[in-house]
Amino acid sequence: MLDKILVIIPSWNEARGIANVIMEIKQFLPQSEILVIDDGSTDNTYSVALNAGAKVVSLPLNLGIGGAMQTGFLYAKCRDFKVAIQVDGDGQHDPSQIPLLLKQLETSDLVIGSRYIDKDGFISSRARRMGTNIFKFMLKFLTGKVFTDPTSGFRAINSKVINEFANNYPTDFPEVEVITQLNRRGFKINEVPVKMRERKYGHSSITLIKSIWYMIKVGTVLLIGESKGRVKQI
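In this report, we go over the structure that sits alongside the text. (Residues numbered from 1 in each chain as written. Predicted model: local features only at pLDDT ≥ 70, side-chain atom pairs only at ≥ 80, totals over all residues. Heavy atoms only, no water.)

Further remarks concern the pattern of salt bridges. Throughout the structure, instances matching the rule amount to eight salt bridges. Across the pair K55 and E33 runs a salt bridge whose closest N-O atoms are separated by 3.5 Å. A residue pair is termed long-range when its members are at least 10 positions apart, and K55 in strand β3 (residues 55–59) and E33 in strand β2 (residues 33–39) qualify at 22 residues. Salt bridges sharing partners connect three or more residues here, namely E24, D94 and R197. (Salt bridge = Lys/Arg side-chain N within 4 Å of Asp/Glu carboxyl O. Helix = DSSP H or I, 4+ residues; strand = E, 2+ residues; numbered from the N terminus.)

Structure follows, in structure tokens:
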């Protein structure tokens, strides 16, 4: 796929590892442009990413993953990118797997890299797997489709979805919600098996309490959003 490609890396205090992530992406996807969204970091993420050769947008405060990613999608839309790829800044996502996403994107609108199809490579904690299974069940109920790794942030989208997300993207923990959003609008969503790695740098900001709140909040949003969508179709 030789389309104009943007790799978006949402980052919060990832100065220790962001340069390595950028270098790996350049190795496996040299034709892409790399955009780091510095989401209100208190370390030197901005300067490290800039020195590593990425474009950097520095947000004045921490907006969270939703605000950071929508910033990237707005950038992609304004500069007419045909493909956008989301990669975490902590080293969990292996850039060597990006071609797998791009291949599937030839016949899809959104491609999700799933660690649970082949169950090869790093598998997350039991608590996170339980949450994933809950969302998997809810999405099967709401969409009639099975998504094995709905919380995965390793994703690729085409220009149609770039436009959609630039205009409308959930604020908090958006990965699960956008699946129902796109499904309602008739976009084609697929998964591909990928190998993920254990976090190399930093630590997760999601605690047990945040995880429980996340499941309650996203679950409620999914049910309300789907019910509204069905009402509009009547």
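Turning next to the sheet that holds strand β1 (residues 5–11). In space, the seven strands of this open sheet follow the order β3-β2-β1-β4-β6-β5-β7, with mixed pairing throughout. Looking at strand neighbours, the two that pair on one side only are β3 and β7 (189–193), the edges of this open sheet. Within the sheet, the average angular offset between the axes of one strand and its neighbour, ignoring direction, is 20°. The pairing of β1 with β2 spans six bridges and is classified as parallel. Bridged to V7 within β2 is I34. (Pairing = 2+ DSSP bridges. Axes fitted to C-alpha atoms, helices over the stretch in contact; angles between N-to-C directions.)

Per the stated rule, a full pass over the model turns up four aromatic pairs. Ring geometry for Y75 against F81: centres 6.4 Å apart, planes inclined by 25°, an arrangement best described as stacked. With respect to burial, Y75 and F81 carry one shared label: buried. Seen in terms of ring centroids, F165 and Y169 are 4.8 Å apart; in terms of plane orientation they differ by 65°. Their pairing is edge-to-face. Given a relative accessible area of 3%, F165 falls into the buried group. These aromatic residues form a ring-pair network of at least three members: F73, F165 and Y169. (Phe/Tyr/Trp six-rings, centres within 6.5 Å; stacked < 30°, edge-to-face > 60°. Buried < 20%, exposed > 50% of the residue type's maximum accessible area, 1.4 Å probe, protein only.)

A few words now on unusual backbone geometry. Non-glycine residue N13 carries a positive phi angle of around 55°. Accessibility expressed as a relative area gives 24% for N13, which makes it partly exposed. Residues other than glycine seldom take positive phi values, yet D80 does so here, at roughly 60°. Assignment of secondary structure puts D80 in the loop between α3 (64–78) and β4 (83–86).

Before going further, it helps to examine the packing of helix α6 (residues 159–167) against helix α7 (residues 174–184). It is at 12 Å that the axes of α6 and α7 come closest, and there the two elements cross at 115°. Every pair of crossing elements has a handedness; the one defined by α6 and α7 is right-handed. Note on element contacts: α7 touches α6 through V178, Q181 and L182, opposite V161, E164 and F165. Taken together, the residues of the contact of α6 with α7 sort by class into four nonpolar, one polar and one charged. (Left-handed = near helix turned anticlockwise from the far one by under 90°. Contact = heavy atoms within 4.5 Å. Nonpolar A, V, L, I, M, F, W, Y, C, P; charged D, E, K, R; others polar.)

Relative to the helices and strands, G66 resides in helix α3. Judged by relative accessible area, G66 falls into the buried class, the value being 1%. Between the alpha carbons of G66 and P170 there is a distance of 5.8 Å; along the sequence they are 104 residues apart. What G66 contacts, discounting residues up to four positions off in sequence, is Y169, P170, T171 and P174.

On to the nonpolar core. Residues L6, I8, F73, I157, F165, L182 and I189 are the most contacted members of the largest nonpolar core, which totals 30 residues. Contributions of two or more residues to this core are made by β1, β2, α3, β5 (110–114), α5 (126–143), α6 and α7. With five residues, α3 is the single largest residue contributor to this core. If sequence neighbours within four positions are ignored, L182 has contacts with L110, V161, E164, F165, F187 and I189. (Core = buried A, V, L, I, M, F, W, Y, C linked by side-chain atoms within 4.5 Å.)

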